[in-house]
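Summary of structural features
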Amino acid sequence: MERSEPGTRIASLIERARKGDIRATGRLLSILERLDSEAYALLDELRRMAGKAHVIGVTGIPGAGKSTLIGRLISELRRRGYRVAVVAIDPSSPISQGSLLGDRLRMQEYSVDPGVFIRSISTRGLRGGLSTAALAMVEAFDALGYDFVIVETVGVGQAEVDIAGAAHTIIVVTMPGAGDDIQALKAGVMEIGDIYVVNKSDKPEAAKTYEFIVFSVEKGDLEASSGWTPRVLMVSAVMGKNIDKLIDTVLEHREYLERTGLFRKRIQERRRLLALYAVRSYLNTILDKASRRIEKEALEKSIDELAHSVLAEACRSAGEKNKL
Ligand code: GDP
């Protein structure tokens, strides 16, 4: 078969990655990140093996302590025998905290632990396909046998809203005295949490923030649509305080999701979103190429005529691709 060459290569990469081969896993993720036809074919393969991992979204403003907390979560999950993958998303620039997270964690103890895989992605080179790439990676880690996939976002952009729709459990990380946090809570930006973590509980002002969030939950302002009453926890990521309680709460939420059938439903939602994003990225690429091909006509034609030319060109190239 014509497909057998790349097909065999990918099958062997998947097999090696499922056995814990870090390099094979890295290669698969790099293919996915390209968001081209090979990436989507790979995704179809992976999808068949996925459906078990618990996806945790961790979000909150920069400085709240997300990366410190994620480090602690990894340690505690590993202590309990789970394999953990992290997708760290940096929507702004390759040199901001988001992409440093992975590097920083990778440099630490986890670099030698085959039960942990950390991958940072940034908008650089992805041309708006950030959410697509992130969800594709979640699907991949799930297929490769990781029990937990933690997706870290900075909680300000579209990416985190997109990804929120695809996670099983969302942890919103706040810190004491962060006026912005409270504003964000009020504005509804952060009302997506299943679990609210008031980090830096070693600071005296933490109790006030905790009380405010508990009050908001009791008032119903932060009620999750799934019928789950959000939990609020005081944690100190730096001191490692209450981390076990946080994991217990995540597992309690998982039990709730399974009991109510929501665990499977969220996976379906993730796949629905992934399919939509993938189609959008695919169309954008084709339209982009088609626009560039009719560039010369831009001065002579009306916008309407140009749009028709782009579509005709895009259909032609999509048709050619299908014939291959
Ligand atoms: P991120 O930007 O949300 O990923 O936050 P980081 O994990 O990089 O943490 C930001 C700063 O807060 C760092 O200087 C951390 O050492 C500090 N930090 C994180 N957790 C705690 C905590 O529990 N207590 C205190 N006092 N500082 C913390």
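Treat the numbers as computed from the prediction; the structure is a model and nothing was measured. (Residues numbered from 1 in each chain as written. Predicted model: local features only at pLDDT ≥ 70, side-chain atom pairs only at ≥ 80, totals over all residues. Heavy atoms only, no water.)

**As for the overall build of the protein**
As a reminder of what qualifies: Starting at the N terminus, helices and strands are each numbered in turn, a helix being any DSSP run of H or I of at least four residues and a strand any DSSP run of E of at least two. Each residue is assigned to one of three classes by its accessible area relative to the maximum for its type, calculated with a 1.4 Å probe on protein chains only: buried under 20%, partly exposed between the two thresholds, exposed over 50%. Residue contacts follow a heavy-atom distance rule, with two residues in contact if any of their heavy atoms lie within 4.5 Å. To be clear on the numbers: accessible area is Shrake-Rupley with a 1.4 Å probe, and residue cover counts the displayed protein chains and nothing else.
Looking only at helices and strands, the protein features 12 helices and 7 strands. Relative to its full complement of 324 residues, the protein shows a buried share of 51%. Here the contacts in the protein between residues at least 6 apart in sequence split such that 75% fall between residues at least 24 apart. Accessible surface, the protein: about 16,300 Å² in total, of which carbon and sulfur atoms supply 54%.

**Focus on the site of the ligand**
Put simply, the rule reads: Nearness is defined per residue: one heavy atom within 4 Å of the molecule or strand is enough. Pairing of N or O atoms within 3.5 Å defines a polar contact, subject to two protein rules: one partner must be a possible hydrogen donor and the other a possible acceptor, and residues neighboring in sequence count only if both atoms are side-chain atoms.
Near the ligand you find 17 residues, and of these Gly-63, Lys-66, Ser-67, Thr-68 and Asp-202 are the closest. With respect to the ligand, the backbone of Ala-64 contributes an N or O atom lying 3.3 Å from an oxygen atom. Val-238 is positioned with one of its backbone polar atoms (N or O) 3.2 Å from an oxygen atom of the ligand. For the ligand, the accessible surface in isolation is 580 Å², of which the surrounding protein chains cover 74%. Among the elements of the structure, helix 4 (66-79) and helix 5 (97-107) are those that each provide at least two residues to the shell around the ligand. For the shell around the ligand, the element with the highest residue contribution is helix 4, accounting for 3 residues.

**Quick look at the packing of aromatic side chains**
Defined as follows: Note on aromatic pairs: the rings of Phe, Tyr and Trp (six-membered ring only in Trp) are paired at centre separations within 6.5 Å, and the planes decide the class, stacked below 30 degrees, edge-to-face beyond 60, tilted for the rest. Comment: the charge-over-ring label is applied if NZ (Lys) or CZ (Arg) is within 6 Å of the ring centre and within 35 degrees of the ring normal.
Counted according to the given criterion, the structure contains 4 aromatic pairs. Their ring planes at 80° and their centres at 4.9 Å tell us that Tyr-82 and Phe-148 sit as a pair that is edge-to-face. With a gap of 66 residues between them, Tyr-82 in the loop between helix 4 and strand 2 (84-90) and Phe-148 in strand 4 (residues 148-152) connect regions that are remote in the sequence. Ring pairs connect the aromatic residues Phe-117, Phe-141 and Tyr-146, which therefore count as one cluster. The side chain of Arg-83 reaches across the aromatic face of Tyr-146, ending 4.1 Å from its centre. Here the basic side chain of Arg-231 rests over the ring of Trp-228, its NZ or CZ set 4.0 Å away from the ring centre.

**Quick look at the confidence of the model for the protein**
Here is the rule: Summary of the metric used: pLDDT quantifies the predictor's per-residue confidence within the range 0 to 100.
Looking at the protein as a whole, the pLDDT averages 83, with 80% of positions reaching at least 70. Across the protein, element-level confidence peaks in helix 10 (residues 243-259) with a mean pLDDT of 97 and bottoms out in helix 5 with 47. In the predicted structure, residues 93-99 sits below a pLDDT of 50 and forms 14 contacts with residues beyond four places in sequence or in another chain.

**As for the pattern of salt bridges**
Quick reminder of the rule: Salt bridge, as used here: a side-chain nitrogen of Lys or Arg that lies within 4 Å of a carboxyl oxygen of Asp or Glu.
A full pass over the atoms with the stated rule returns 23 salt bridges. Within the structure, one salt-bridge network assembled from shared partners comprises Arg-9, Arg-34, Asp-36 and Glu-38.

**Brief notes about helix 9 (residues 206-219)**
Applied cut-off: Expected helix span is given by 1.5 Å per residue-to-residue step, counting one fewer step than there are residues. As used here, the arc belongs to the directions running from the helix axis to the C-beta atoms.
End to end, helix 9 covers 20 Å across 14 residues, agreeing with the expected 20 Å (1.5 Å per residue, within 8%). Residues of helix 9 that are buried include every one of Ala-206, Thr-209, Ile-213, Val-214, Ser-216 and Val-217, and no others. The arc that holds every buried residue of helix 9, seen down its axis, measures 160°, which confines them to one face. For helix 9, the exposed residues set more than 90 degrees away from the buried face come down to Lys-208, Glu-211 and Glu-218. A positive backbone phi angle near 95° is found at Gly-220, which sits one or two residues after helix 9.

**Observations concerning helix 6 (residues 130-143)**
Residues spaced three or four apart along an α-helix point in a common direction, a consequence of the helix completing one turn every 3.6 residues. Under the 1.5 Å per step criterion, the end-to-end length of helix 6 is 20 Å for 14 residues, consistent within 8% with the ideal 20 Å. Of all 14 residues in helix 6, 14 are buried, a share of seventy percent or more. Positive phi shows up at Gly-145, right after helix 6, with a value of about 95°.

**What about unusual backbone geometry?**
With a phi close to 65°, Lys-200 is a non-glycine residue in the positive phi region. If you trace the backbone, Lys-200 turns up in the loop between strand 6 (195-198) and helix 9. Notably, Asn-242 is not glycine yet its phi reads approximately 75°, a positive angle. The topology assignment puts Asn-242 in the loop between strand 7 (231-234) and helix 10.

**What about the side chain of Thr-169?**
Relative to the helices and strands, Thr-169 is located in strand 5 (residues 169-174). Here His-253 takes part through its side chain, which lies 2.8 Å from a polar atom of the side chain of Thr-169. Residues contacting Thr-169, with those up to four places away along its chain left out, are His-54, Val-55, Ile-56, Gly-57, Asp-194, Ile-195, His-253 and Leu-257.

**Points about the environment of Lys-301**
Inspection of the secondary structure assignment puts Lys-301 in the loop between helix 11 (262-293) and helix 12 (303-323). Classification of Lys-301 by relative accessible area gives partly exposed; the value is 33%. Other than its neighbours up to four places away in sequence, Lys-301 contacts Leu-306 and Ser-309. For Lys-301, the side chain forms a polar contact with the side chain of Glu-297, separated by 2.6 Å.

**Some points on the environment of Gly-26**
Tracing the sequence through the fold places Gly-26 in helix 2 (residues 22-33). Of the residues examined, Gly-26 reaches a relative accessible area of 14% and is grouped as buried. The contact partners of Gly-26, leaving out residues within four places of it in the chain, are Phe-117 and Arg-119.

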